[in-house]
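# Report on the structure
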Amino acid sequence: MTKDKMGTAMKLRHKTQILGGALSVAAALALSGCISLAPKTPDLLLRLTPDQTAPAGSQATGQISDAIVVLDPEADRSLDVLRVPVRVDGATISYLKDGWWIEKPSRQFRSLLAETLRAQTGKLVVEGGDFEVTGKTLIGGRLLQMGYDVPSSSVVVRFDAIRTERGGPLVTRRFEAVVPGVKAEAAAVAPALNKAANDVAHQVAAWVQGGA
């Protein structure tokens, strides 16, 4: 092979390598526009915070057998996720855009209710675990709704509470709180959910005090 032919072949091979690299880069860029290997971070992470807490330094002492035990509430499947349910109509449920719970709402509601009970009763209050076999008062139930309702433009929290006193009967009661006039946006729904959940927690705490 002459020097001219060898030079031409080398130039062709070099151009082919450059073209192949450019095509690979273009393909990668096109693919990155279609999929993402990392999950999109939601705009807002929602959490429940009690509007009434036991003051710093306060303590409650006593026998665990005299404690109020707050159990994990059961929850409908639509609430057993980190998404905020949106009731579109009687037969359709969607989920709120750009807003996720930082922890499942049933667990957050348990902690909120326990702190509200500590603040309002001043008694020894513990959450779940093995205490349920020895506590004096057991508070459980089912979280039926904690989300946004499209037909009424409102946030609704609904809880079926179950109270059991040691040696006494089992008592149930439904509690509900509604915050109307809320836009279907995460920034508006989040504080409304916190307000409604606190409202229900206060209702349950008053009920427990009345039955103590």
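Residues numbered from 1 in each chain as written. Predicted model: local features only at pLDDT ≥ 70, side-chain atom pairs only at ≥ 80, totals over all residues. Heavy atoms only, no water.

### Quick look at the overall build of the protein chain
Going by this rule: Going along the chain from the N terminus, every DSSP run of H or I of four or more residues is numbered as a helix, and every run of E of two or more is numbered as a strand. Here, residues are in contact when the closest pair of their heavy atoms is within 4.5 Å. Here the open area of atoms and residues is found with the Shrake-Rupley method and a 1.4 Å probe, where only the protein chains shown may cover a residue.
Secondary structure assignment for the protein chain yields three helices and nine strands. From first element to last, N terminus to C terminus, the protein chain shows the α and β order α-β-β-β-β-β-α-β-β-β-β-α. Counting contacts in the protein chain only where the partners sit at least 6 residues apart, residues at least 24 apart contribute 69% of the total. Roughly 12700 Å² of accessible area belongs to the protein chain as shown, and the carbon and sulfur atoms make up 56% of that amount.

### Description of a nonpolar patch on the surface
Inclusion rule: Patch membership requires over 30% relative accessible area and the absence of a salt bridge. Like charges are linked within 9 Å, and nonpolar side chains (Val, Leu, Ile, Met, Phe, Trp, Tyr) within 5 Å. For this document, the term salt bridge refers to a Lys or Arg side-chain nitrogen within 4 Å of an Asp or Glu carboxyl oxygen.
A cluster of nonpolar residues, Leu45, Leu82, Trp100 and Ile102, forms a patch on the protein surface that exposes about 380 Å² of accessible area. By the element assignment, Leu45 lies in strand S1 (residues 44-46).

### Brief notes about unusual backbone geometry
To keep things clear, this is the line we draw: Exposed residues in this analysis have more than 50% of their type's maximum accessible area, buried residues have under 20%, and partly exposed residues fall in between, with area computed by a 1.4 Å probe over protein chains only.
Even without a glycine there, the phi angle at Asp98 is positive, about 65°. Assignment of secondary structure puts Asp98 in strand S5 (residues 92-101). In this model, Ser153 sits at a positive phi of 50°, which is unusual for a non-glycine residue. Along the polypeptide, Ser153 turns up in the loop between strand S7 (137-149) and strand S8 (154-165). Take Ser153: its relative accessible area is 31%, and that puts it in the partly exposed class.

### Description of the nonpolar core
Worth spelling out the cut-off: Take the buried Ala, Val, Leu, Ile, Met, Phe, Trp, Tyr and Cys residues and link them wherever side-chain atoms come within 4.5 Å; each set so joined is a nonpolar core.
Counting residues in each nonpolar core, the largest one holds 40 residues, and the members touching the most others are Phe109, Met146, Val155, Leu193 and Val204. The dominant element in this core, judged by the number of residues it contributes, is helix H3 (residues 186-211), at twelve residues. Not counting chain neighbours up to four residues away, the residues in contact with Phe109 comprise Leu48, Pro73, Leu143, Met146, Phe159, Ala197, Val200 and Ala201.

### A closer look at the packing of aromatic side chains
Our working definition: Pairing of aromatic side chains requires ring centres within 6.5 Å, counting the rings of Phe and Tyr and the six-membered ring of Trp. Pairs whose planes differ by under 30 degrees are stacked, by over 60 edge-to-face, and all others tilted. Whether a charge lies above a ring is judged from NZ of Lys or CZ of Arg, which has to be within 6 Å of the ring centre and within 35 degrees of the ring normal.
Considering all chains together, one arrives at two aromatic pairs under this definition. Residue placement shows Arg83 over the ring face of Trp100; its charged tip is 4.5 Å from the ring centre. When the ring centre of Trp207 is taken as origin, the NZ or CZ atom of Arg163, which lies over that ring, is 4.5 Å away.

By themselves, these are just geometric observations and shouldn't be taken as functional.
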